[in-house]
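Read off the chains here:
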Protein chains: 2
Amino acid sequence: MDSIAQAGVKTLRFLAVDQVEQAKSGHPGFPLGTAPLLYCLWDRFLTYDPAAPSWLNRDRFILSPGHGSALLYAMLHVAGYAVSLDDLKNFRQWGSITPGHPEYGLTPGVDASTGPLGHGFAMGVGMAIAEALLGATYNRPGYDIIDHYTFGLTSDGDLMEGVASEAASLAGTLGLGKLIYIYDDNKITIEGSTAGAFAEDVGGRFTAYGWQVLRVGDSEDQEALAAAIKEAQADKERPSLIIVRTHIGYGSPKMDDASCHGEPLGPALTKETKEKAGWPLEPFYVPEKVREHFAAKAAEGAKKQAAWQRLWAAYEKEHPALAEELRQRLEGPYELDTEALADLFKEKTKAATRAASGDILQAAAKQLPALVGGSADLGPSNKTVLKNIPYFSKKERTGRNIHFGVREHGMGAALNGMALHGGCIPYGGTFLVFADFLRPAIRMAALMGLGSIFVLTHDSISLGEDGPTHQPIETAMGLRLMPNVKVYRPADALETAVAYKMACAERKGPSCLLLSRQDLPVLNEHRATVLAGAAKGGYVLSEAEGEARAIIIATGSEVHLALAAQKELQAEGIAVRVVSLPCWEVFEEQDAAYKEAVLPSELPKLAVEAGATLGWERYVGSRENVLGIDRYGASAPGGVLMEKFGFTTAAVVAKVKKII
Amino acid sequence: MDSIAQAGVKTLRFLAVDQVEQAKSGHPGFPLGTAPLLYCLWDRFLTYDPAAPSWLNRDRFILSPGHGSALLYAMLHVAGYAVSLDDLKNFRQWGSITPGHPEYGLTPGVDASTGPLGHGFAMGVGMAIAEALLGATYNRPGYDIIDHYTFGLTSDGDLMEGVASEAASLAGTLGLGKLIYIYDDNKITIEGSTAGAFAEDVGGRFTAYGWQVLRVGDSEDQEALAAAIKEAQADKERPSLIIVRTHIGYGSPKMDDASCHGEPLGPALTKETKEKAGWPLEPFYVPEKVREHFAAKAAEGAKKQAAWQRLWAAYEKEHPALAEELRQRLEGPYELDTEALADLFKEKTKAATRAASGDILQAAAKQLPALVGGSADLGPSNKTVLKNIPYFSKKERTGRNIHFGVREHGMGAALNGMALHGGCIPYGGTFLVFADFLRPAIRMAALMGLGSIFVLTHDSISLGEDGPTHQPIETAMGLRLMPNVKVYRPADALETAVAYKMACAERKGPSCLLLSRQDLPVLNEHRATVLAGAAKGGYVLSEAEGEARAIIIATGSEVHLALAAQKELQAEGIAVRVVSLPCWEVFEEQDAAYKEAVLPSELPKLAVEAGATLGWERYVGSRENVLGIDRYGASAPGGVLMEKFGFTTAAVVAKVKKII
């Protein structure tokens with residue numbers, strides 16, 4: 001008779017296989033290979049309460065190869081989460097909570113959306129940073145309020161991806177000892193043996209990163225797995241990678257063959273595999289003893305959770321200020337006072353919006369202890385460093401500044417992991433053009449509804465001499481294309497303040513702040529208009545003197561060009577309105593009447609933005625009505641470039657005359 | 001008195017510093033630190049002829065940290081390339097050939113554009129693949145036509161970037177022994193000491209990748225540098241990383257300090273540094289003996305080049321067929337016969353465009369030996385594998401299939417490197433949604449004018465069950481935003497054939513082929529129309545019966561939905577035209593009369609594409625006239641999704657009725 005562990009592992013294996021069979025779609029090979037790994041973790045190590053899947057101090061678990069979702073759903077079902085057998089039977093169907101890849105927010109017990117390989121791995125690094133930071137900041141003797149592990153399963157595919165490499169190096173540098181990954185070393189990729197593309201010594205690589213590397217030769221040996229996980233937990237100084245030699249499609253006739261990766265086994269092979277395992281052919285079978293075993297685990301978990309709630313209650317009494325601060329970090333509200341932020345620039349006539357961003361961050365960090373962030377090694381340029389606050393490091397765990405290194409993608413994923421953990425409003429800086437490097441992380445934040453903030457400076461050809469590789473052209477519009485992403489391109493320090501207020505308050509999707517390298521006038525003379533208007537995404541910054549014959553719509557630095565052109569046109573007797581449109585997405589959320597009032601349909605409109613024209617037709621109708629840039633930039637001083645690329649008052653004036 | 005090497009190194013250092021001073025912009029720290037590395041390489045190892053900077057068999061050199069461009073320009077000037085002192089004096093100015101970061105095609109001797117860190121490193125891997133492949137394919141006893149090294153300088157920033165990690169692992173697996181990188185190990189990043197974010201053991205990591213790792217402790221020791229480079233060359237089985245302990249800002253008062261990275265030293269410190277080095281204060285000073293030394297090198301290089309030309313002439317006689325094939329690979333024309341490709345589908349009523357792409361690739365690979373490629377481990381899904389052709393590996397150097405591994409970004413950069421080398425039309429496959437992972441590589445291909453081909457399958461929510469992480473929404477339009485990129489979304493096998501013909505012929509920018517996972521009807525009944533029309537980027541696929549009252553514009557799979565709607569509308573007496581628009585960029589190249597004939601201004605238009613609506617206003621005027629998707633997808637069978645997301649004949653019919 002099977003031991004409870006054997007039965008449990010087989011339950012997971014075949015629940016996963018049955019889901020794939022039922023859906024006629026999915027990935028059976030991974031669950032068959034890695035069920036023992038997940039079982040061991042959930043059976044002996046993971047701290048969880050299936051009735052409280054969002055409990056702050058639970059251990060986190062990330063299934064980085066998200067295509068193995070059927071295994072995770074099987075585990076969640078068996079462990080007692082609100083994932084029913086019917087849910088498993090609806091695997092990969094419309095409206096189910098068991099989609100093709102795990103989706104955060106949809107399925108109880110899923111701690112992160114995964115699918116794009118490498119990203120899950122890197123998000124775990126962010127979670128472990130958040131855990132260490134919050135623990136060091138809020139734990140007090142006798143009150144280990146934040147004290148949990150971040151576990152994950154990872155795969156060859158993850159470890160080939162650059163984003164995982166970036167995050168692994170960062171994790172080693174930061175000594176994230178409570179980060180533990182089990183590596184499904186099955187030697188097989190979709191195209192065949194890993195020898196073809198991935199002959200490296202993974203263990204050696206991780207040792208070089210500063211990780212503890214452990215090995216388990218036989219994936220079927222629960223004791224060996226448990227011993228390795230214990231050893232991983234014992235090392236508090238280094239993250240751990242447990243390399244387990246597994247076999248894709250274990251126990252099936254397709255074992256160790258790439259063909260069992262991404263397609264159902266089919267009824268015949270499923271039958272054969274179950275028979276060979278001595279398992280009932282009945283689909284979705286869960287032995288009673290396995291249910292009972294995990295019911296007992298769930299009860300244990302509930303007790304732990306209850307004990308933690310008592311600890312928290314005592315902590316609230318003993319350390320009320322800390323408790324309140326932590327609660328606010330976790331739940332908000334995340335309110336910034338726009339007027340106070342605007343006051344920072346009262347005396348200023350000009351400021352680069354990146355510099356304004358830096359000033360605002362200093363003030364915001366005082367109001368919002370949750371603000372934690374850094375830059376992909378461009379802190380001094382992005383102005384993202386919080387002054388008089390230490391850097392997060394092996395030795396200083398309370399630091400809210402993070403050196404992410406030259407690792408945009410890893411940074412983006414880590415920000416998402418921090419947001420997932422809770423207690424952090426994470427932000428990360430780089431040059432706007434390098435948003436392309438972390439675009440997949442912005443997308444994941446958008447999919448998961450995470451409020452990661454991306455501080456993207458040097459936002460146009462105006463950055464100057466660094467030239468076309470550093471000059472965004474298509475980047476701003478490329479970000480606007482992404483659903484559930486708010487893209488702010490503020491015209492000045494005041495609009496930047498509003499953007500920060502909204503980005504910090506926005507916890508259901510990422511915000512991108514596109515900021516200038518160069519100085520821009522501060523619109524202090526329009527202060528009230530700017531603060532109220534920018535909060536609506538778009539507004540009449542400067543009304544026409546007399547009846548408007550056209551509207552100039554601009555964003556960011558080009559708003560000032562629009563104002564200059566307006567003046568010149570007025571002098572010639574041509575009245576035009578200037579609309580600043582710092583955030584399309586917020587403007588679109590306004591009611592139709594407001595939008596029509598700002599941009600009346602009947603007036604001709606000219607859009608001015610130092611970037612791609614495509615997309616602006618949405619507001620101005622025709623590409624003839626856009627002053628933009630549809631080629632790559634060049635290396636020269638910023639002012640020279642703006643002139644050479646046609647961004648002059650004269651050019652705007654001429655364009656307006658043409659369209660009226 | 002300085003030795004020639006000392007004088008040469010100082011010449012490079014101060015030519016670089018003087019450029020930065022003159023421009024009042026740039027990066028002096030890197031050149032001061034790494035001048036001896038570049039000097040040693042060019043003095044003793046690099047095979048080059050400054051008068052023939054495009055000579056096929058020259059050694060390649062990549063300055064991966066492109067911000068050190070001033071050093072490269074100094075070197076090119078001293079070595080005798082067509083880079084004058086005046087060019088150096090115009091560093092970072094409008095119209096100069098000495099831009100902020102090196103630009104391929106602009107400056108003689110610049111083998112690759114660099115700037116975005118990591119990318120240069122990864123392109124070198126592609127160059128080394130091309131060299132090994134071409135050498136193995138075309139060299140014959142006594143005729144080592146292709147036999148050169150790929151050298152590069154690399155930095156902390158590069159080695160933190162995931163793209164370099166991906167490429168390094170691939171290079172180790174492939175055993176690219178003629179790839180040699182010198183690592184500027186200066187322990188400093190923009191944010192300070194590398195200890196903050198990059199504490200890893202780089203040597204250990206590269207050993208794990210399968211590289212030979214060598215170390216030089218003193219960057220000022222030319223003999224030690226030379227010995228290491230010799231050792232690197234001696235190992236033919238492994239790529240080499242030579243770790244040189246350097247000092248950023250060497251010899252200046254800011255040595256070893258991050259502050260000398262990205263801003264000019266200023267006149268005072270420049271003076272101090274020159275004086276300390278015993279160097280004349282005169283800007284742009286080049287000692288005569290250094291000029292003479294490199295003039296002799298240039299003469300040597302010219303001799304080598306002439307000898308190679310003689311070898312080539314003899315090879316042409318001895319191996320005419322091989323020579324002709326290689327010549328065609330290098331120079332083209334790269335002609336595919338569209339009719340013959342279309343014939344492949346004569347008998348077919350339906351085919352997924354990814355499957356059609358696979359069939360076309362088989363035929364194209366026979367006509368164009370330059371076609372070399374693979375997939376980021378999705379070959380069986382992307383249908384990118386060339387049948388009966390081996391994989392490129394350590395043992396099989398003639399293979400034209402490449403296992404890139406799950407490394408989209410590294411693959412993209414490697415494709416660019418292969419294109420830069422010449423002799424290859426490189427292609428790489430992944431899912432369309434993961435185009436985001438390699439977007440920076442597409443951008444670099446566009447900037448450099450390289451004809452890399454990106455085969456992007458699973459092009460909409462129609463891919464089905466894999467769900468939102470795998471379903472592109474904003475991706476197609478995001479690619480269309482990029483200047484100098486051709487984006488094809490063919491409606492069927494025939495349009496796919498045209499797209500391949502154009503992508504292979506196009507050698508001045510990358511092409512992206514967006515292909516369906518699901519079967520699509522083959523438009524054989526419209527064959528002549530399709531083949532002629534697709535070549536113009538957009539065309540009337542199906543004319544209205546009677547006077548058209550509207551136009552439905554569609555791409556890819558949605559073209560068939562448009563055709564079905566047209567039929568239904570005609571049955572109701574509403575005549576509409578269907579326009580297929582597989583490639584916006586090619587359509588835009590047509591003359592105004594053609595465009596107006598296809599899309600007459602006065603007719604209302606509806607765009608139908610299963611992707612973001614933003615951007616379609618360019619052709620249809622208003623977002624009301626677009627049937628698209630402005631949210632992320634979901635996990636369910638593809639057919640179900642199309643219905644749930646409103647892509648039904650009935651919906652198209654209703655929309656048309658609304659707009660007429």
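Residues numbered from 1 in each chain as written. Chains lettered and ligands numbered in written order. Predicted model: local features only at pLDDT ≥ 70, side-chain atom pairs only at ≥ 80, totals over all residues. Heavy atoms only, no water.

### Re the overall build of chain A
The helix and strand tally for chain A stands at 26 helices and 20 strands. Judged by the C-alpha coordinates and their principal axes, chain A covers about 95 × 60 × 45 Å. Relative to its 660 residues, chain A shows a buried fraction of 69%. Relative to all contacts within chain A whose residues are 6 or more apart in sequence, the contacts with residues 24 or more apart total 77%. On chain A, roughly 20,100 Å² of surface is accessible, and the fraction owed to carbon and sulfur atoms is 52%. One finds the centroid of the 65 positive side-chain charges in chain A at a distance of 2 Å from the centroid of its 79 negative side-chain charges. (Helix = DSSP H or I, 4+ residues; strand = E, 2+ residues; numbered from the N terminus. Buried < 20%, exposed > 50% of the residue type's maximum accessible area, 1.4 Å probe, protein only. Contact = heavy atoms within 4.5 Å. Areas by Shrake-Rupley, 256 points an atom, 1.4 Å probe, with all protein chains shown as cover. Lys, Arg positive; Asp, Glu negative; His and termini not counted. Charge placed at Lys NZ, Arg CZ, Asp CG, Glu CD.)

### Some thoughts on the interface of chain A and chain B
Across the boundary between the two partners, chain A contributes 98 residues, which contact 98 residues of chain B. Carbon and sulfur atoms make up 59% of the surface buried where chain A meets chain B, a total of about 8,200 Å² over both sides. Applying the counting rule to chain A against chain B returns 10 salt bridges. At the junction of chain A with chain B, the criterion picks out 47 residue pairs in polar contact (both at pLDDT 80 or more). Looking at the side of chain A that touches chain B element by element, the count peaks at 8 residues for helix 17 (residues 435-448) of chain A. Broken down by class, the residue content of the side of chain A that touches chain B amounts to 44 nonpolar, 29 polar and 25 charged. (Buried area = accessible area lost by both parts, 1.4 Å probe. Salt bridge = Lys/Arg side-chain N within 4 Å of Asp/Glu carboxyl O. Polar contact = N/O pair within 3.5 Å; in protein donor to acceptor, adjacent residues only side chain to side chain. Nonpolar A, V, L, I, M, F, W, Y, C, P; charged D, E, K, R; others polar.)

### Side note on the sheet that holds strand 11 (residues 425-431) of chain B
Strands pair in a sheet through their backbones, by hydrogen bonds, and they do so in one of two ways: parallel or antiparallel. Residues and elements named next belong to chain B. The strand order 10-9-11-12-14-13 describes an open sheet built from 6 strands, whose pairing is parallel. Taken across any chain shown, the strands that pair with only one partner, and hence form the sheet edges, are strand 10 (401-403) and strand 13 (486-488). Averaged over all pairs of adjacent strands, the angle between their axes in this sheet comes to 20°, without regard to strand direction. When strand 12 (residues 453-457) meets strand 14 (residues 511-514), the two strands line up parallel, connected through 4 bridges. Among the inter-strand pairings, isoleucine 453 is bridged to a residue of strand 14, identified as serine 511. (Pairing = 2+ DSSP bridges. Axes fitted to C-alpha atoms, helices over the stretch in contact; angles between N-to-C directions.)

### Observations concerning the sheet that holds strand 7 (residues 240-245) of chain B
All names here are of chain B. The strand order across the open sheet built from 5 strands is 1-2-3-7-6, with neighbouring strands paired in parallel fashion. Whereas interior strands pair on both sides, the edge strands pair on one side only; in this sheet they are strand 1 (60-63) and strand 6 (212-216). Each strand of the sheet is rotated relative to its neighbour by a mean of 20°, with strand direction disregarded. Sheet contacts for helix 5 (residues 119-138): strand 1, strand 2 (150-155) and strand 3 (179-185); angle to strand 3, the most-contacted strand, approximately 165°.

### Some remarks on the relation of the copies chain A and chain B
With an axial shift of 0.0 Å and an RMSD of 0.0 Å, the rotation relating chain A to chain B amounts to 180°. The superposition of one copy onto the other is thereby described by a two-fold rotation axis. For chain A, the smallest separation between a C-alpha atom and the rotation axis is recorded for Gly162(A), amounting to 1.8 Å. Most of the interface of chain A is mirrored in chain B: 100% of its interface residues are interface residues there too. (Least-squares fit on C-alpha atoms with pLDDT ≥ 70 in both.)

### Brief notes about helix 19 (residues 493-505) of chain B
Residues and elements named next belong to chain B. Compared with the 18 Å implied by 1.5 Å per residue over 13 residues, the 18 Å span of helix 19 between its first and last C-alpha is a close match. Counting buried residues along helix 19, 11 of its 13 residues qualify, which places the element largely inside the surrounding structure. Where helix 19 begins, the capping side chain belongs to aspartate 492, and its oxygen is found 3.0 Å from the backbone nitrogen of leucine 494. (Expected span 1.5 Å × (residues − 1).)

### Considerations on the domain arrangement of chain A
All names here are of chain A. We note that the domain assignment places domain 1 (4-301), domain 2 (338-521) and domain 3 (536-659) within chain A. Inter-centroid distance (C-alpha atoms) of domain 2 to domain 3 is 25 Å. Each side of the interface is counted separately: domain 2 has 26 residues, and domain 3 has 33 residues. Buried surface at the junction of domain 2 and domain 3, summed over both partners, amounts to about 2,400 Å²; 58% is from carbon and sulfur atoms. Summed over the three residues of domain 2 that lose the most area to domain 3, namely Ile461, Ile473 and Arg489, the buried surface amounts to 28% of that side. The tally of links from domain 2 across to domain 3 stands at 4 salt bridges. Across the salt bridge formed by arginine 480 and glutamate 609, the nearest N and O atoms sit 2.6 Å from each other. For the side of domain 2 that touches domain 3, the secondary structure elements donating two or more residues are helix 18 (475-480), strand 13 (486-488), helix 19 (493-505) and strand 15 (519-521). The leading source of residues in the side of domain 2 that touches domain 3 is strand 13, at 3 residues. For the side of domain 2 that touches domain 3, a count of residues per class yields 13 nonpolar, 6 polar and 7 charged. (Domains from an automatic or database assignment.)

### As for the packing of helix 5 of chain B against helix 16 (residues 408-421) of chain B
Residue and element names in this part refer to chain B. Here helix 5 crosses helix 16 at 55°, and the two axes come no closer than 6 Å. As summarised for this structure, helix 5 and helix 16 are arranged oblique, according to the angle between their axes. For the pair helix 5 and helix 16, the crossing hand works out as right-handed. From helix 5, His119, Ala122, Met123, Gly126, Met127, Ile129, Ala130, Glu131 and Leu134 reach across to helix 16, where they touch His409, Ala413, Ala414, Asn416, Gly417, Met418, Leu420 and His421. The residue makeup of the contact of helix 5 with helix 16, split by class, is 10 nonpolar, 6 polar and 1 charged. (Parallel < 35°, antiparallel > 145°, perpendicular 65-115°, else oblique. Left-handed = near helix turned anticlockwise from the far one by under 90°.)

### Examining the packing of helix 1 (residues 4-23) of chain A against helix 3 (residues 69-79) of chain A
Residues and elements named next belong to chain A. Running from N to C, helix 1 and helix 3 cross one another at 125°; their axes reach a closest spacing of 8 Å. With respect to helix 3, the axis of helix 1 lies oblique. Between helix 1 and helix 3 lies a crossing whose hand is right-handed. In contact with Thr11, Leu12, Leu15, Ala16, Gln19 and Val20 of helix 1, helix 3 contributes Ala70, Leu71, Tyr73, Ala74, Met75, His77 and Val78. Looking at the contact of helix 1 with helix 3 residue by residue, the class counts come to 10 nonpolar, 3 polar and no charged.

### Structural notes on the nonpolar core
Of all hydrophobic cores here, the largest spans 318 residues; its most connected members are Phe121(A), Trp211(A), Leu479(A), Phe121(B), Trp211(B) and Leu479(B). When sequence neighbours within four positions are dropped, the list of residues in contact with Phe121(B) reads Ser64(B), Thr154(B), Leu159(B), Ala164(B), Ala167(B), Ala168(B), Tyr181(B), Phe206(B) and Trp211(B). (Core = buried A, V, L, I, M, F, W, Y, C linked by side-chain atoms within 4.5 Å.)

### Section: the pattern of salt bridges
Two side chains of opposite charge can pair, provided their charged atoms sit close to one another. One pass over the structure, following the stated rule, counts 66 salt bridges over all chains. Here Glu220(B) and Arg13(B) are joined by a salt bridge, their closest N and O atoms 2.8 Å apart. Of this pair, Glu220(B) sits in the loop between strand 6 and helix 9 (222-234) while Arg13(B) sits in helix 1 (residues 4-23); the two residues are 207 residues apart in sequence, bridging distant segments of the chain. What makes Glu220(B) partly exposed here is its relative accessible area of 29%. The class for Arg13(B) is buried, based on a relative accessible area of 5%. Salt bridges sharing partners connect three or more residues here, namely Asp459(A), Arg480(A), Arg489(A), Glu558(A) and Glu609(A).

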